[in-house]
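Here are the chains, one letter per residue:
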Amino acid sequence: MIAENKASQALYALNGVLVQLRTSAFKSEDIRKIATVLDYLEELPRFLASNRDQTDEFESSLRALAERFPEFSISLERFLKSGVPEVW
């Protein structure tokens, strides 16, 4: 699970990864890069579904993704915000 005060931001961050992945696909970026990003993405729902608090692990995964591929830092930025927009 993700801490209640970060749950909305976690979903917003997850959406950010998906949006950026779509952009990468439309730009015909290297499929190995896209597959690597999907490796990071794969673990995020498990953190959300866990019975124990994995907020720190979720953030660490987003940090690692942003460090490796800076264009995906939007996801980390979304997670670190204090809230999410009403419409996204």
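Residues numbered from 1 in each chain as written. Predicted model: local features only at pLDDT ≥ 70, side-chain atom pairs only at ≥ 80, totals over all residues. Heavy atoms only, no water.

Moving on to the overall build of the protein. Of regular secondary structure, the protein possesses four helices and zero strands. Ordered by position in the sequence, the α and β elements of the protein form the string α-α-α-α. Seen through its C-alpha atoms, the protein measures out along the principal axes to roughly 35 × 25 × 20 Å. Going through the 88 residues of the protein one by one, you find that 41% of them count as buried. The contacts of the protein with a sequence gap of at least 6 include a subset with a gap of at least 24, amounting to 70%. Roughly 5,500 Å² of accessible area belongs to the protein as shown, and the carbon and sulfur atoms make up 52% of that amount. (Helix = DSSP H or I, 4+ residues; strand = E, 2+ residues; numbered from the N terminus. Buried < 20%, exposed > 50% of the residue type's maximum accessible area, 1.4 Å probe, protein only. Contact = heavy atoms within 4.5 Å. Areas by Shrake-Rupley, 256 points an atom, 1.4 Å probe, with all protein chains shown as cover.)

The contact between helix α1 (residues 7-26) and helix α3 (residues 55-68) brings their axes to 12 Å, and the two run at 25 degrees. The orientation of α1 relative to α3 falls into the category roughly parallel. The chirality of how α1 crosses α3 is left-handed. For the pair α1 and α3, contact is made by Ala-10, Ala-13 and Val-17 and by Phe-58, Leu-62 and Leu-65, respectively. (Axes fitted to C-alpha atoms, helices over the stretch in contact; angles between N-to-C directions. Parallel < 35°, antiparallel > 145°, perpendicular 65-115°, else oblique. Left-handed = near helix turned anticlockwise from the far one by under 90°.)

Here we come to the pattern of salt bridges. Following the criterion strictly, the structure yields five salt bridges and no others. For Glu-71, the salt bridge goes to Lys-33, with nearest N and O atoms at 2.2 Å. Separated by 38 residues along the polypeptide, Glu-71 in the loop between α3 and α4 (73-80) and Lys-33 in helix α2 (residues 31-49) bring together distant segments of the chain. Of the residues examined, Glu-71 reaches a relative accessible area of 30% and is grouped as partly exposed. Of the residues examined, Lys-33 reaches a relative accessible area of 18% and is grouped as buried. (Salt bridge = Lys/Arg side-chain N within 4 Å of Asp/Glu carboxyl O.)

Attention now goes to the packing of aromatic side chains. One pass over the full model with this rule turns up two aromatic pairs. Summarising the aromatic geometry, the rings of Phe-58 and Phe-79 are spaced 5.1 Å apart at their centres and angled 40 degrees between planes, so their arrangement reads as tilted. Placement of the pair is Phe-58 in helix α3 and Phe-79 in helix α4, with a sequence separation of 21 residues. When its relative accessible area of 1% is taken as the criterion, Phe-79 is described as buried. Judged by centre distance (6.4 Å) and plane angle (70 degrees), the ring pair of Phe-69 and Phe-72 falls under edge-to-face. Owing to a relative accessible area of 12%, Phe-69 belongs among the buried residues under this scheme. (Phe/Tyr/Trp six-rings, centres within 6.5 Å; stacked < 30°, edge-to-face > 60°.)

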